[in-house]
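Architecture and fold: a report
Okay, here's what each chain looks like letter by letter:
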There are 2 protein chains.
Amino acid sequence: MSASDDLYELPVEECWELLRAQEFGRLAFTLVDELHITPINYAVDGETLLFRTAAGNKLFSVELGGEVAFEIDEIDDETEQATSVVVRGSARHLEEDEAHRADNLPLRPWLGTDKPNVVEIAPVEVTGRRFPLSRPWLRMRTD
Amino acid sequence: MSASDDLYELPVEECWELLRAQEFGRLAFTLVDELHITPINYAVDGETLLFRTAAGNKLFSVELGGEVAFEIDEIDDETEQATSVVVRGSARHLEEDEAHRADNLPLRPWLGTDKPNVVEIAPVEVTGRRFPLSRPWLRMRTD
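Residues numbered from 1 in each chain as written. Chains lettered and ligands numbered in written order. Predicted model: local features only at pLDDT ≥ 70, side-chain atom pairs only at ≥ 80, totals over all residues. Heavy atoms only, no water.

Thoughts on the packing of aromatic side chains
For any pair of aromatic rings, the description consists of the separation of the ring centres together with the inter-plane angle of the planes. Residues and elements named next belong to chain A. Under the criterion given, the structure shown has two aromatic pairs over all chains. Relative to Phe-70, the ring of Tyr-42 lies with its centre 4.8 Å away and its plane at 70 degrees, an arrangement referred to as edge-to-face. Of the two residues, Tyr-42 is situated in the loop between strand S3 (34-41) and strand S4 (43-45) and Phe-70 in strand S6 (residues 67-76); the sequence distance between them amounts to 28 residues. (Phe/Tyr/Trp six-rings, centres within 6.5 Å; stacked < 30°, edge-to-face > 60°. Helix = DSSP H or I, 4+ residues; strand = E, 2+ residues; numbered from the N terminus.)

Listed below in structure tokens is the structure:
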């Protein structure tokens, strides 16, 4: 198998299936000149992603401009494959008259803290790939 | 338990233990004005992280300036806790006389492709937190 065969680009429909199946991902955002990354609980609403957040860095970043990148992944130890889906897009803080969109989604704060703000990520680009895990060092360690 | 008790900030030593124990994380970087995030295989070398990459976006970003954010996480379904460690820092492409630092690490490309470039992330900030997963919707679904 050639190197290029190892990397399988997922059709966008499969990316959305994976996004709908999961609930935990990582959000990258910028705050002034700083680059941040943080785990979030999210849910898919139509062709957008929603998450809840308290006032803080994430919300401040959204108010300032809101370009974000978001990633989910999963590792299948049985088939030794990893799958990763990346969403690049813009985030905006939903006004009160739209925030109810989160009410019927499987979306809860991961913390017991109050997170009254709902943020929507509108994707500009959704890409996914599946690739075999070549982990020779696992074998090396047990040799 | 109050909300603030739910979130446990990890001591930096524990962050490094987790970083040494894992090998798969997500790298956020900027490319000109674009924000990207991608899964990488990494290894700890002293108080730095190393990863291998082919020529491409990641390497180009490193050459352009190299501020990055990196995240690992794990979910313990038994205790219903999630742990996340974030490294913010700068990345640089190691010259040939330093790239050998990767040779004895459990660091291999995840793909079978040739990835001859070694990049070092020098942390500016290492933070970690552990928090309970409050996932009422899982119960909702099975009620």
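Quick notes on the pattern of salt bridges
Applying the stated rule across the entire model yields 26 salt bridges over all chains. Across the pair Arg26(A) and Asp73(A) runs a salt bridge, and its minimum N-O distance is 3.4 Å. In this pair, Arg26(A) is assigned in strand S2 (residues 24-31) and Asp73(A) in strand S6, connecting sequence segments 47 residues apart. Here the residues in one salt-bridge network are Arg26(A), Glu71(A), Asp73(A), Arg26(B), Glu71(B) and Asp73(B), joined through shared partners. (Salt bridge = Lys/Arg side-chain N within 4 Å of Asp/Glu carboxyl O.)

Quick look at helix H2 (residues 12-21) of chain B
All names here are of chain B. The set of residues buried in H2 consists of Cys-15, Trp-16, Leu-18 and Leu-19. On an axial view of H2, the arc spanned by its buried residues comes to 160 degrees, and they lie on one face. Exposed and facing more than 90 degrees away from the buried side of H2 are Glu-13, Glu-17, Arg-20 and Ala-21. Each element contacted by the buried residues of H2 is listed here: strand S4 (43-45), strand S5 (48-53), strand S6 (67-76), strand S7 (81-93) and strand S8 (117-132). (Buried < 20%, exposed > 50% of the residue type's maximum accessible area, 1.4 Å probe, protein only. Arc of directions from axis to C-beta. Contact = heavy atoms within 4.5 Å.)

Things to note about the environment of Ala28(A)
Counting through the fold element by element, Ala28(A) comes out in strand S2. Each C-alpha atom, one on Ala28(A) and one on Ala69(A), is 5.1 Å from the other, the two residues being 41 residues apart in sequence. Beyond its immediate stretch of four places on either side in the chain, Ala28(A) contacts His36(A), Ile37(A), Glu67(A), Val68(A), Ala69(A), Ala28(B), Leu35(B) and Ile37(B).

Quick notes on the environment of Arg88(B)
Residues and elements named next belong to chain B. In this structure, Arg-88 sits in strand S7. We classify Arg-88 as buried; its relative accessible area is 11%. Separated by 39 residues in the primary sequence, Arg-88 and Thr-127 have C-alpha atoms spaced 8.6 Å apart. In this structure the side chain of Arg-88 is engaged in a polar contact, spanning 3.5 Å, whose partner is the side chain of Glu-67. (Polar contact = N/O pair within 3.5 Å; in protein donor to acceptor, adjacent residues only side chain to side chain.)

Details of a negative patch on the surface
On the surface, Glu63(A), Glu95(A), Glu96(A) and Asp97(A) cluster together to form a negatively charged patch. By the element assignment, Glu63(A) lies in helix H3 (residues 57-64). (Patch = residues over 30% accessible without salt bridge, like charges linked within 9 Å, V, L, I, M, F, W, Y side chains within 5 Å. Areas by Shrake-Rupley, 256 points an atom, 1.4 Å probe, with all protein chains shown as cover. Lys, Arg positive; Asp, Glu negative; His and termini not counted. Charge placed at Lys NZ, Arg CZ, Asp CG, Glu CD.)

What about the side chain of Thr83(B)?
Residues and elements named next belong to chain B. One can find Thr-83 in strand S7. Note on Thr-83: relative accessible area 6%, which makes it buried. Separated by 3.0 Å, the side chains of Thr-83 and Arg-130 make a polar contact. Beyond its immediate chain neighbours, meaning those up to four positions away, Thr-83 contacts Leu-10, Leu-18, Ile-72, Asp-73, Glu-74, Arg-129 and Arg-130.

Brief notes about the side chain of Lys58(A)
As for its placement among the helices and strands, Lys58(A) is situated in helix H3. We note that Lys58(A) is buried and unpaired, the nearest opposite charge coming from Glu71(B) at a distance of 11 Å. Excluding anything up to four places from it in sequence, Lys58(A) contacts Leu27(A), Phe29(A), Thr38(A), Ile40(A), Phe51(A) and Thr53(A).

Regarding the pairing of strand S2 (residues 24-31) of chain B
Residue and element names in this part refer to chain B. Burial within S2 is extensive, with seven of its eight residues counted as buried. Relative to strand S3 (residues 34-41), S2 is paired through eight bridges, and the arrangement is antiparallel. Bridge pairing in S3 places Leu-27 opposite Thr-38. Between S2 and S3, which pair antiparallel one after the other, the connecting turn spans two residues, and Val-32 there sits at a positive phi close to 55 degrees. (Pairing = 2+ DSSP bridges.)

A word on the pairing of S8(B)
Residues and elements named next belong to chain B. Examined bridge by bridge, strand S1 (residues 8-9) and S8 share two bridges and lie antiparallel to one another. Pairing of Tyr-8 across the sheet is with Arg-130, part of S8. Taken together, the five bridges between S5 and S8 define a ladder with antiparallel strand orientation. Considered in S8, the bridge of Phe-51 is made with Val-119.

Observations concerning unusual backbone geometry
Residues and elements named next belong to chain B. The backbone of Val-32 shows a phi angle near 55 degrees, a positive value even though the residue is not glycine. In this fold, Val-32 is placed in the loop between S2 and S3. Although it is not a glycine, Glu-80 adopts a positive phi angle of roughly 55 degrees.

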